[in-house]
Amino acid sequence: MNTRQEKIEAFGRLLDIMDDLREKCPWDKKQTLESLRHLTLEETYELSDAILNEDLLEIKKEIGDVLLHLVFYAKIGSEKQSFDIADVINSLNEKLIFRHPHIYGDAVAEDEEAVKQNWEKLKLKEGNKSVLEGVPKSLPPIIKAYRIQDKVKGIGFEFDSAEDAWKKVEEELEEFHAETETDKKEKELGDVFFSLINYARISGLNADTALEKTNSKFISRFQKMEDIARSKNLSLSDLNLEKMDELWEEAKVFDK
């Protein structure tokens, strides 16, 4: 691993390269905060994929891509005479110190839960009027639900156990099945999802990660089913559901 000095030098070199690109590269010169936004989201999801795949070399690459974007935003901020990368880092440092009084102060936090509760209380002291102020509106719904639930947990708004949370899931399922109007049924379905995500969270599971793994498994299995069909000179679109299910069962063997 690199020394602290080598890490500092590498970061300094990145800043120098960013300066060069912003001055000399036609594409980099043209970029704005807004034009980079969708690219940043794409890079973040690519990092997420690498993490789920546990591909350390790809994780290293994608961290670099995300870091480039952060440095790019700071460079544009400096051009607007608003902030630069040092302001960003110093602000982050101060926030971390303030929100960890059990490390840099006299507070006591003996476990992870105590740290989270202190964190939310300190954010309110910083001027936030609501515990939920920090939840981005543009978060994907499953992740947003998880973050909402995790944040209110920080002030004690939480089921006592996973069993209690599951009772809520069953309650919402009953209400969903009982509803017949489409609009109201959609709302009840949202309640089912929200309560199920809550149950998963309390049980130590991440619903977004679980669903993404199922998505990947389905894609892999379906594509294997397509391969099997082609090997038998069959077209899936010509088969009935029973025949496709037989191929599906053959494809499942390759998951093991």
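Residues numbered from 1 in each chain as written. Predicted model: local features only at pLDDT ≥ 70, side-chain atom pairs only at ≥ 80, totals over all residues. Heavy atoms only, no water.

Caption draft 1: Focus on the packing of aromatic side chains. Tallied over the entire structure, the rule returns 3 aromatic pairs. Geometrically, the ring pair formed by Phe-218 and Phe-222 is stacked, given 6.0 Å between the ring centres and 15° between the ring planes. Taken together, the positions of Phe-218 and Phe-222, both in helix α11 (residues 207–231) and 4 residues apart, correspond to about one turn of that helix. Residue Phe-222 is classed as partly exposed on the basis of its relative accessible area, which comes to 29%. Ring centres of Phe-218 and Trp-248 lie 5.2 Å apart, and the angle between their planes is 45°; this geometry places the pair in the tilted category. Residue Phe-218 is located in helix α11, and its partner Trp-248 is located in helix α12 (residues 241–252); the two are separated by 30 residues in the primary sequence. Within the aromatic cluster, the residues linked to one another by ring pairs are Phe-218, Phe-222 and Trp-248. Positioned over the ring face of Phe-254 is Lys-224, at 4.6 Å from the centre of the ring. (Phe/Tyr/Trp six-rings, centres within 6.5 Å; stacked < 30°, edge-to-face > 60°. Helix = DSSP H or I, 4+ residues; strand = E, 2+ residues; numbered from the N terminus. Buried < 20%, exposed > 50% of the residue type's maximum accessible area, 1.4 Å probe, protein only. Lys NZ or Arg CZ within 6 Å of the ring centre and 35° of its normal.)

Caption draft 2: The arrangement of the nonpolar core in detail. Listed in full, the 8 residues of the largest apolar core are Met-225, Ile-228, Ala-229, Leu-236, Leu-239, Leu-247, Trp-248 and Ala-251. Residue contacts for Ile-228: discarding those within four places in its chain leaves Leu-247, Glu-250, Ala-251 and Phe-254. Counting 6 residues, the second-largest nonpolar core is a separate cluster that includes Met-18, Leu-36, Tyr-73 and Ile-76. (Core = buried A, V, L, I, M, F, W, Y, C linked by side-chain atoms within 4.5 Å. Contact = heavy atoms within 4.5 Å.)

Caption draft 3: A look at the packing of helix α9 (residues 162–178) against helix α10 (residues 182–202). Packing of α9 against α10 brings their axes to within 8 Å, and their N-to-C directions diverge by 165°. The angle between α9 and α10 places the two elements in the roughly antiparallel class. When you trace α9 past α10, the crossing you get is left-handed. Contacts from Ala-162, Ala-165, Trp-166, Lys-168, Val-169, Glu-172, Leu-173, Glu-175, Phe-176 and His-177 in α9 reach Lys-185, Glu-188, Leu-189, Asp-191, Val-192, Ser-195, Leu-196, Tyr-199 and Ile-202 in α10. When grouped by side-chain class, the residues that make up the contact of α9 with α10 number 11 nonpolar, 2 polar and 6 charged. (Axes fitted to C-alpha atoms, helices over the stretch in contact; angles between N-to-C directions. Parallel < 35°, antiparallel > 145°, perpendicular 65-115°, else oblique. Left-handed = near helix turned anticlockwise from the far one by under 90°. Nonpolar A, V, L, I, M, F, W, Y, C, P; charged D, E, K, R; others polar.)

Caption draft 4: Structural context of α10. For α10, with 21 residues, the first-to-last C-alpha span of 30 Å sits near the 30 Å given by 1.5 Å per residue. Looking at α10, one finds that the buried residues are Glu-188, Val-192, Ser-195, Ile-197, Asn-198, Ala-200 and Arg-201. Its buried side turned inward, α10 meets α8 (141–153), α9 and α11. (Expected span 1.5 Å × (residues − 1).)

Caption draft 5: Spatial organisation of a nonpolar patch on the surface. A surface patch of nonpolar side chains, about 210 Å² in accessible area, is lined by Phe-83, Val-88 and Ile-89. By relative accessible area, Phe-83 is classed as partly exposed at 32%. (Patch = residues over 30% accessible without salt bridge, like charges linked within 9 Å, V, L, I, M, F, W, Y side chains within 5 Å. Areas by Shrake-Rupley, 256 points an atom, 1.4 Å probe, with all protein chains shown as cover. Salt bridge = Lys/Arg side-chain N within 4 Å of Asp/Glu carboxyl O.)

Caption draft 6: Representation of the packing of helix α1 (residues 4–24) against helix α4 (residues 56–79) within the structure. The contact between α1 and α4 brings their axes to 10 Å, and the two run at 60°. In terms of orientation, α1 lies oblique with respect to α4. As α1 packs across α4, the resulting crossing turns out to be right-handed. Of the residues in α4, those touching α1 at Phe-11, Leu-14, Leu-15, Met-18, Asp-19 and Arg-22 are Leu-67, Leu-68, Val-71, Phe-72, Lys-75, Ile-76 and Glu-79. Looking at the contact of α1 with α4, its residues break down into 9 nonpolar, no polar and 4 charged.

Caption draft 7: The pattern of salt bridges, seen in detail. All chains considered together, the criterion is met by 11 salt bridges. Between Asp-227 and Arg-230 there is a salt bridge, with its nearest N and O atoms 2.6 Å apart. Here the residue Asp-227 and the residue Arg-230 both occupy positions in helix α11, the gap between them amounting to 3 residues, near one helical turn. A residue is classified by how much of its surface remains accessible, and Asp-227, at 37% relative accessible area, is partly exposed. Residue class for Arg-230 comes out exposed when judged on its relative accessible area of 52%. Linking Glu-250 and Lys-232 is a salt bridge whose minimum nitrogen-to-oxygen distance equals 2.7 Å. Of the two residues, Glu-250 sits in helix α12 while Lys-232 sits in the loop between α11 and α12, which places them 18 residues apart along the sequence. What emerges from the salt-bridge pattern is a single network uniting Lys-168, Glu-171 and Glu-172.

Caption draft 8: Representation of the side chain of Asp-150. As for its position among the elements, Asp-150 is in helix α8. Residue Asp-150 is classed as buried on the basis of its relative accessible area of 12%. When neighbours within four sequence positions are excluded, Asp-150 is seen to be in contact with Lys-116 and Arg-201.

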